Structures are given as structure tokens and as C-alpha cells.
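# Secondary and tertiary structure notes
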Amino acid sequence: MSRRLAVATTVAALLAGCSGDMNDLEQYAAEVKGRKSRAIDPIPQPKPYEPFSYAPGDRRDPFLAVLQSREDLSGAAGAIRPDTNRPKEPLEEFSLDALRMVGTIVQKGHAYALLKAPDGVVHRVSIGDHMGQNFGKVTDISETEITLTEIIPDGLGGWMQRPATIALAQP
């Protein structure tokens, strides 16, 4: 019985605390509602499109350099392209920034690098393995870094090679 009385007394005290004087809040709300509103500036109208007609005259053709570069791609530089038919390796789903080199191992004269992926799995990588999202291929492994070559779009419809490295992570 005394428990019920204690609970009832506590509930009554809490309810009494919630019914405080709210005159100051009501006055502030009335003051805000009574303020005069100011006009909002209209949205500026966009300028109408004015077409431009290019008359080259004696000036050079601005598209000539791009076309020459594409013609150059048909030669040896155009031979660079990723092998999209080979099966993807596990580390190709991660960007190079997300991979951490945590060490190296040498077994029977072959160097292997240990890479920790964002999912927490440590992978063993050797020369010739692929990693990263830009068709990266491992070309060298040292005690302090992994060197690889990525194949990236050149912006002209072709591909180009770019060197990249992953350094040993500091503990």
C-alpha cells in the first residue's frame, strides 16, 4: 500500500511541475507574430541564351589538336587498354587509398607483400597480381612499398598508363 502511495505522490509532483506559468512564452510568441514582414526580392530572371557563330577566318581550328591526338592513338599508344575479359581479383574492388601495406614476406626467393583491405582481411600479393579500381598491376615489391602500373582513360577515348605506389603503413 505504501508503494502505491509513493508512486501516486511522485506522479502528482511531476504533473504539478509541468503546469508552470507560460505567460512569458505566450508574450514572446505574440510579439513575433505581431512583427511586420518585409518583402522578399523577386527571383532574378535568367539571361536568354545568345547563340555564337564561330567564324574561323585566319584563326586555327580549335578542334584540330584533339583530332590529331586521336589519330596518334591508333598507333602504339592506342595499343594500351585494360583486359576486361580476365576474371577480377579480390583487391580490385577497393581503391588504392583504401588498401594498407602491412608487411612483406620472402618465400623461396619470391617477394610477397601483405595488404590489409578495408574489410579487415589481409591479402598476400605478388608481382603480376592486380589491385585497385583502375586495372592496377603489381610491377615491383620492396620492403617499404608496392609499385604498380594503372591503366586509366586519357580523356580522348583511349587509355594511358600511370605509375602508382602503396607505401608500408606506419604502426
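Presented here is an overview of the structure given in this document. Note that the coordinates shown come from a computational prediction; the quantities given were computed from them, not determined experimentally.

### Comments concerning the overall build of the chain
- When its secondary structure is counted, the chain shows three helices and seven strands.
- What you see in the chain, going N to C, is helices and strands ordered as α-α-α-β-β-β-β-β-β-β.
- The buried share of the chain, taken over its 171 residues, is 19%.
- Taking the intrachain contacts of the chain between residues at least 6 apart in sequence as the baseline, contacts between residues at least 24 apart amount to 39%.
- For the chain, the computed accessible surface area is about 13900 Å², with 57% contributed by carbon and sulfur atoms.

### Here's the deal with the pairing of strand β7 (residues 159-167)
- Bridge analysis of strand β6 (residues 145-153) against β7 gives nine bridges, and the strand direction is antiparallel. Among the inter-strand pairings, Leu148 is bridged to a residue of β7, identified as Ala164.
- Connecting the antiparallel pair β6 and β7 is a turn made up of five residues, with Gly155 showing a positive phi of about 85°.

### Looking at the sheet that holds strand β2 (residues 110-116)
- Spatial strand order, β1-β2-β3: three strands in an open sheet with antiparallel pairing. For this open sheet the edge positions go to β1 (100-107) and β3 (122-125), each flanked by a neighbour on one side alone. Strand-to-strand twist in this sheet, taken as the mean axis angle between neighbours without regard to direction, amounts to 25°.
- The pairing of β2 with β3 spans four bridges and is classified as antiparallel. The residue of β3 that forms the bridge with Leu115 is His123.

### As for the environment of Asp97
- Examined against the element boundaries, Asp97 turns out to sit in the loop between α3 (64-73) and β1.
- Assessed through its relative accessible area of 77%, Asp97 is described here as exposed.

### Digging into the nonpolar core
- Judged by nonpolar contacts, the single largest core of 16 residues is most densely connected at Leu91, Leu99, Leu115, Met131, Ile146 and Ile166.
- Residue assignment for this core shows that the elements contributing at least two residues are β2, β5 (136-141), β6 and β7.
- With near-sequence residues (within four places) excluded, Met131 lies in contact with Leu91, Glu92, Leu96, Leu99, Leu115, Val125, Gly136, Val138, Leu148 and Ile166.

Rules used throughout
- Residues numbered from 1 in each chain as written.
- Predicted model: local features only at pLDDT ≥ 70, side-chain atom pairs only at ≥ 80, totals over all residues.
- Heavy atoms only, no water.
- Helix = DSSP H or I, 4+ residues; strand = E, 2+ residues; numbered from the N terminus.
- Buried < 20%, exposed > 50% of the residue type's maximum accessible area, 1.4 Å probe, protein only.
- Contact = heavy atoms within 4.5 Å.
- Areas by Shrake-Rupley, 256 points an atom, 1.4 Å probe, with all protein chains shown as cover.
- Pairing = 2+ DSSP bridges.
- Axes fitted to C-alpha atoms, helices over the stretch in contact; angles between N-to-C directions.
- Core = buried A, V, L, I, M, F, W, Y, C linked by side-chain atoms within 4.5 Å.

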